[in-house]
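Each chain is listed here by its residues.
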Amino acid sequence: MTNLDPQPALVPVRSLRGRSFLSTSDLTSAELYQLIDLTIAGKSAGRHSLGHPLAGRGVGLVFFNPSLRTRASMVMAVAELGGQPVPLDIGAGTWDLEHEVGVVMNGSKSEHVREAVPVLSQYVDAIGVRCFPALKSLKDDRQEPVLSAFAEYAQVPVINLESATAHPCQALADMVTIREQLGGFAGRKVSLVWANHPKVLPHAVPSSFAMAALQCGLDLTIAAPPEYLPDANWQEQLESAARVAGGSLRMTSHLRDAYEGAQVIYAKSWASTRHYGDLETDLRVRRHYGNWQVTSELMNQTNDGVFMHCLPVRRNVVVADEVLDGPRSIVVQQAANRLAAQKALLASIFC
Ligand code: CP
């Protein structure tokens, strides 16, 4: 940093220095609160209040899948902290990457992550990676084959930009948004509501949102048709987080229960836990749940609740236009917080 560089006005979360961020569970509740506080303080202190801790450094942004928010906000986060973002779209301008161990590479994939990730580590100081699930087996997807390979072979911190089962940067921004909106966490009622969707989607966003909400001590209701409620493994992890941070977890398949008294409705579609890997059955089952859409009539049952969604969102499938375009929708503020939250995260990793 030179004398001309803006001096950081804020203190990063020093315990995150040099660490990867693969899941919000990598952080203690105290670290998560500190990161949320830092994000909010950074927003109010101005664009350059975190200084330029990334000056002279690069961050690889590896995308196996499409993105609007994550990509744009990470590029800007790195740039605003004085660093050089290095976006790489796998298979589009880079070689297609293999991650399976022991595979005979005589197909379309030209390079193995076992070389690619250590090589990338020679050029950049952290690597972000987006790698969606195969959606064939819940057990396999929970092993996080691609993210784990990056974590294993990288020689620099790895940041999860949405993996098979987690989207911690999104969850961090979501918690920032809820803190801004409700002024705190304890005693606040938040509902994660399954929504219908023409495609079978991963568990990453709902899983990270629910975990972060409980780590922050919120009273969380998860509402979904029976085939989509968290399975025993997922539920166990959430209950354990609720016990640690003092929040509560309630699960219901009664749609209206989710809205009654809620201060936040967080809508998201996800794959059936009961029929995971069987896309045909999932698509057939969800046809019965077309009424799982966020409407004004349902929002009127809430306690002056706001509408949140990670985006992109299917209008008039997941949420009615009148809700998304109405005063209860805070989806743009929520998306804006991705940039602020990722800056706080990066400033802490590089402090
Ligand atoms: N919410 C989110 O991660 O958006 P993108 O998929 O556009 O990055």
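Quick caveat, the model's predicted, so the values are computed rather than measured.

**Q** Give a detailed account of the sheet that holds strand S5 (residues 126–130), specifying residues and quantitative values.
**A** Read across the open sheet, the four strands follow the order S2-S1-S5-S6; overall the sheet is parallel. If you trace the sheet from one side to the other, it starts and ends with strand S2 (84–89) and strand S6 (158–160), each paired once. In this sheet, adjacent strand axes meet at a mean angle of 20 degrees when their direction is disregarded. By the bridge criterion, five bridges tie strand S1 (residues 58–63) to S5 in an arrangement that is parallel. Its bridge partner being in S5, Phe63 is matched across the sheet by Arg130. Of the strands in this sheet, S1, S2, S5 and S6 touch helix H2 (residues 69–80), which is tilted by about 155 degrees from S2. Here helix H5 (residues 145–153) sits on the sheet and contacts S1, S5 and S6; the angle it forms with S6, its principal contact strand, is near 160 degrees.

**Q** Any chance you could break down the sheet that holds strand S8 (residues 219–223) for me, citing the residues and the numbers?
**A** Taken together, the five strands give an open sheet; going across it, the order is S9-S8-S7-S10-S11, and neighbouring strands pair in parallel fashion. Each end of this open sheet is capped by a strand with a single partner; those strands are strand S9 (248–252) and strand S11 (306–308). When the angles between neighbouring strand axes are averaged without regard to direction, this sheet yields 20 degrees. Of the strand pairs in this sheet, S8 and S9 are connected by five bridges, and their pairing is parallel. The residue of S9 that forms the bridge with Asp219 is Ser248. Against the sheet, helix H7 (residues 204–215) contacts strand S7 (189–194), S8, S9 and strand S10 (264–268), and its axis sits at roughly 155 degrees relative to S8.

**Q** Run through the packing of aromatic side chains, naming residues and quoting values.
**A** Enumeration according to the criterion identifies eight aromatic pairs in this entry. Seen from their ring centres, Phe64 and Phe150 are 6.0 Å apart, and the 80 degrees between their planes marks the pair as edge-to-face. Here Phe150 lies in helix H5 and Phe64 lies in the loop between S1 and H2, a separation of 86 residues in the sequence. Residue Phe64 is classed as partly exposed on the basis of its relative accessible area of 26%. A centroid spacing of 3.9 Å and a plane angle of 25 degrees characterise the contact between Phe209 and Tyr266, whose relative ring orientation is stacked. Pair noted here: Phe209 is in helix H7 and Tyr266 is in strand S10, with a separation of 57 residues, a long-range link. Residue classification places Tyr266 among the buried residues on the basis of a relative accessible area of 0%. The structure contains a cluster of three or more aromatic residues connected by ring pairs, namely Trp194, Tyr228, Tyr289 and Trp292.

The rules we used
- Within every chain, residues take consecutive numbers counted from 1 along the sequence as written.
- Reporting of local features is limited, given that this is a predicted model, to residues whose pLDDT is at least 70; pairs of side-chain atoms are given and counted only at 80 or more, and all residues count toward the totals for whole chains, interfaces and linings.
- Note that the side-chain values use all heavy atoms of the structure and ignore hydrogens as well as water.
- Two strands make a pair as long as DSSP finds a minimum of two bridges between them.
- Note on conventions: DSSP H or I runs of at least 4 residues are helices, E runs of at least 2 residues are strands, and numbering of each starts at the N terminus.
- Fitted lines through C-alpha atoms give the axes, limited to the stretch in contact for helices. The angle between two N-to-C directions lies from 0 to 180 degrees.
- The contact rule is simple, with two residues in contact once any of their heavy atoms fall within 4.5 Å.
- Each pair of aromatic rings taken from Phe, Tyr and Trp, with Trp reduced to its six-membered ring, is defined by centres within 6.5 Å and is described as stacked if the planes are under 30 degrees apart, edge-to-face if over 60, and tilted in the remaining cases.
- Accessible area is worked out with a 1.4 Å probe on protein chains only. A residue is then buried under 20% of its type maximum, exposed over 50%, and partly exposed in between.

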